[in-house]
Amino acid sequence: MIKKWWHDKIAYQIYPKSFCDLDGDGIGDIKGIISKLDYLKSLGIDIVWLSPVYKSPFVDQGYDISDYYSIAEEFGTMEEFDTLLAEMKKRDMHLIMDLVVNHCSDQHEWFKKAVADPYGEYAQRFYFRKGVNGREPSNYRAYFGGNVWTKVPGQDDLYYLHFFTREQPDLNWENPVVREKIYKMVNWWLDKGLSGFRIDAIINIKKNTDFPVMEPDDDDGLIYCEKTLENVDGIGDFLQELKHETFDRHNAFTVGEVFAMPPDQLREFVGPEGHFSTMFDFAPHSTMSGDKGWYDGKEFNFDVWRDTLYESQLKMLNVGFLANIIENHDQARGVCRYLPGYALNDMGKKMLAAVMMTLRGIPFIYQGQEIGMENCPFDSVDEFDDVYTLDQYNAALEAGFTETQALKICNRRSRDNARTPMQWSDSDNAGFSTGTPWLKVNPNYKTINVAAQEKDKNSVLNFYRRIVALRKNDLYRETFTYGGFVPLFKEKEGILAFCRSCGETCCKIVTVANFGKNEAVLTMPYKIKKVLISNSTKTNHTTDSITLSSCECAVLLCE
Ligand code: GLC
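As the structure is a prediction and not an experimental result, all values here were calculated from the model.

Take the sheet that holds strand E20 (residues 528-534) next. Taken together, the five strands give an open sheet; going across it, the order is E16-E17-E18-E23-E20, and neighbouring strands pair in antiparallel fashion. Each of the sheet's edge strands pairs with one partner strand only, and the pair in question is strand E16 (486-488) and E20. Recorded for the sheet is a direction-independent mean angle of 25° between the axes of neighbouring strands. Across three bridges, E16 lies against strand E17 (residues 495-501) in antiparallel orientation.

Next comes the structure, spelled out in structure tokens:
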């Protein structure tokens, strides 16, 4: 395998609106991020992924971009952004940004010009189509609900396409002018010193542009738009061109947000010559997806989750690397998803950390994960801000749930759970802002916060620091990065365990974690040489076996 600069790196996602607010307007800002770089460095972070900071009306929290070349006023100025880049370089850290190019904002200059002249050149940069029999051109349901077609303002029978909200018109990738302008913009940012991109919603750029009416999948007469992408060939041509024209020229690191990839195209997407350096592994998280969104999501099932995780790891062995997450800005908090009630404590959180940080692939820590932030109790639907949450709340009501039940569902699954302000201290607003935060602060900030955990050597934060340091330790780095993956104790209830090793040239490291309620005794297939890290004060083991109490984990150096 040809080694790449990003193979052994640890990444951290910043959701800028909620990270750190220095100017007191209740919204995080770039200056705030700069003020926390030393904190990130102390955690061992190499790559920071910044969710969108471009100019935007914030209908979808910045994933609706109105100018790809400017920084949103709410976050600061381009000068401050340049300072951020420089400060990161000083610390030997890399910055990657979100690349949102399936769609832009309806406030983008191109869309405004398209609306002003719906049969002109700019309309060709979007998908404008005539209605059929006085109705929308086709029957696709948008990701956040409703029809993907909305009438072009001022037109009777002309519609534009948007797979997400109506304020996010889809860009027409078939138009070479659009592609050329996108590549120019990407190169502009890379020339500035960016190390790469996280690439948003990218599977959507290739569509069947005939937009045929399809068999509905629900009573609303619509079909989920993602399903209309199945059997559409040719996305690879776009992605290779994008890569060739931009990323390749800068040795950039790219991580794709790819749902619904044709399963036989793994190598094309993330193999040695793949479209992306890596892509997120959403398979474990998708085991809880519902048929109609997340309001009808499935309960967590440990066995299904574990098997899916193993499968993801194994399928990548001779292909490349996935990016591992337990949460991001689009999901509820990982500790609340994957840990049963009895494990939702520091022990359990460290166990989840140990598993995630020793898998094969690039670890991405989401802000607040390192202190074990949890879902937030929202007392009313009015406390949510997210468009998707409101859609799912209404979908739940339509499906017959009561308001109380629908609120409860949102409390468990809404992505606003992950978007509440970062908990820096126990002072007002968790030390996030001196103003009024744009979204509710989780009331548990009094106990779960960075300042308190800095002081406690056994905190979740310090456990993350130790496990990140272990992964980067020169003695073990090779194994954690390039080592294979062999699942262990598959038949043992509640046990998640695996061996990482790369043959003769490097050591053998085994992670064992007991997600079960009862103590477990594991007879080891390899001799234990040393406990590298564990979440208990005293790990009970001999050279041949280890006894794990409920929620106990250990990372072992073996012979
Ligand atoms: C991605 C983003 C999500 C956003 C959507 C539309 O899935 O992660 O936050 O709402 O794309 O851009």
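Next up on the list: the site of the ligand. Looking at the ligand, there are 13 residues lining it, with Asp60, His103, Asp200, Glu257 and Asp330 nearest. Here an oxygen atom of the ligand and a side-chain polar atom of Glu257 are 2.7 Å apart. Compared with its free state, where it exposes 310 Å², the ligand has 95% of that area covered by protein. Classifying every residue of the shell around the ligand by side-chain character gives three nonpolar, three polar and seven charged.

In this structure the tally under the stated criterion is 44 aromatic pairs. When the ring of Trp5 is compared with that of Phe253, the centres are 6.2 Å apart and the planes differ by 70°; the resulting orientation is edge-to-face. Taken together, the residues Trp5 in the segment before strand E1 (11-14) and Phe253 in strand E12 (residues 253-256) connect sequence positions 248 residues apart. On the basis of relative accessible area, Phe253 is assigned to the buried category, the value being 0%. Ring centres of Tyr143 and Tyr224 lie 5.5 Å apart, and the angle between their planes is 85°; this geometry places the pair in the edge-to-face category. In this pair, Tyr143 sits in the loop between strand E7 (140-141) and strand E8 (149-151) while Tyr224 sits in strand E11 (residues 223-224), placing the two residues 81 residues apart along the sequence. The class of Tyr143 is buried, set by a relative accessible area of 10%. Taken together, the aromatic side chains of Trp5, Trp6, Trp49, Phe253, Phe259, Phe280, Phe282, Phe321, Phe364 and Tyr482 make up a single cluster linked through ring pairs. The cationic tip of Lys17 hangs over the ring face of Trp438; the distance from NZ or CZ to the ring centre is 4.1 Å.

With that settled, the discussion passes to helix H11 (residues 346-358). Over its 13 residues, H11 extends 18 Å from the first C-alpha to the last, a length consistent with the 18 Å expected when each residue adds 1.5 Å. Of all the 13 residues making up H11, eleven are buried; the element is thus mostly covered by neighbouring parts of the structure. Among all positions in H11, only Gly348, Lys349, Lys350, Met351, Leu352, Ala353, Ala354, Val355, Met356, Met357 and Thr358 are buried.

Rules behind the numbers
- Residues numbered from 1 in each chain as written.
- Predicted model: local features only at pLDDT ≥ 70, side-chain atom pairs only at ≥ 80, totals over all residues.
- Heavy atoms only, no water.
- Pairing = 2+ DSSP bridges.
- Helix = DSSP H or I, 4+ residues; strand = E, 2+ residues; numbered from the N terminus.
- Axes fitted to C-alpha atoms, helices over the stretch in contact; angles between N-to-C directions.
- Near = heavy atom within 4 Å.
- Polar contact = N/O pair within 3.5 Å; in protein donor to acceptor, adjacent residues only side chain to side chain.
- Areas by Shrake-Rupley, 256 points an atom, 1.4 Å probe, with all protein chains shown as cover.
- Nonpolar A, V, L, I, M, F, W, Y, C, P; charged D, E, K, R; others polar.
- Phe/Tyr/Trp six-rings, centres within 6.5 Å; stacked < 30°, edge-to-face > 60°.
- Buried < 20%, exposed > 50% of the residue type's maximum accessible area, 1.4 Å probe, protein only.
- Lys NZ or Arg CZ within 6 Å of the ring centre and 35° of its normal.
- Expected span 1.5 Å × (residues − 1).

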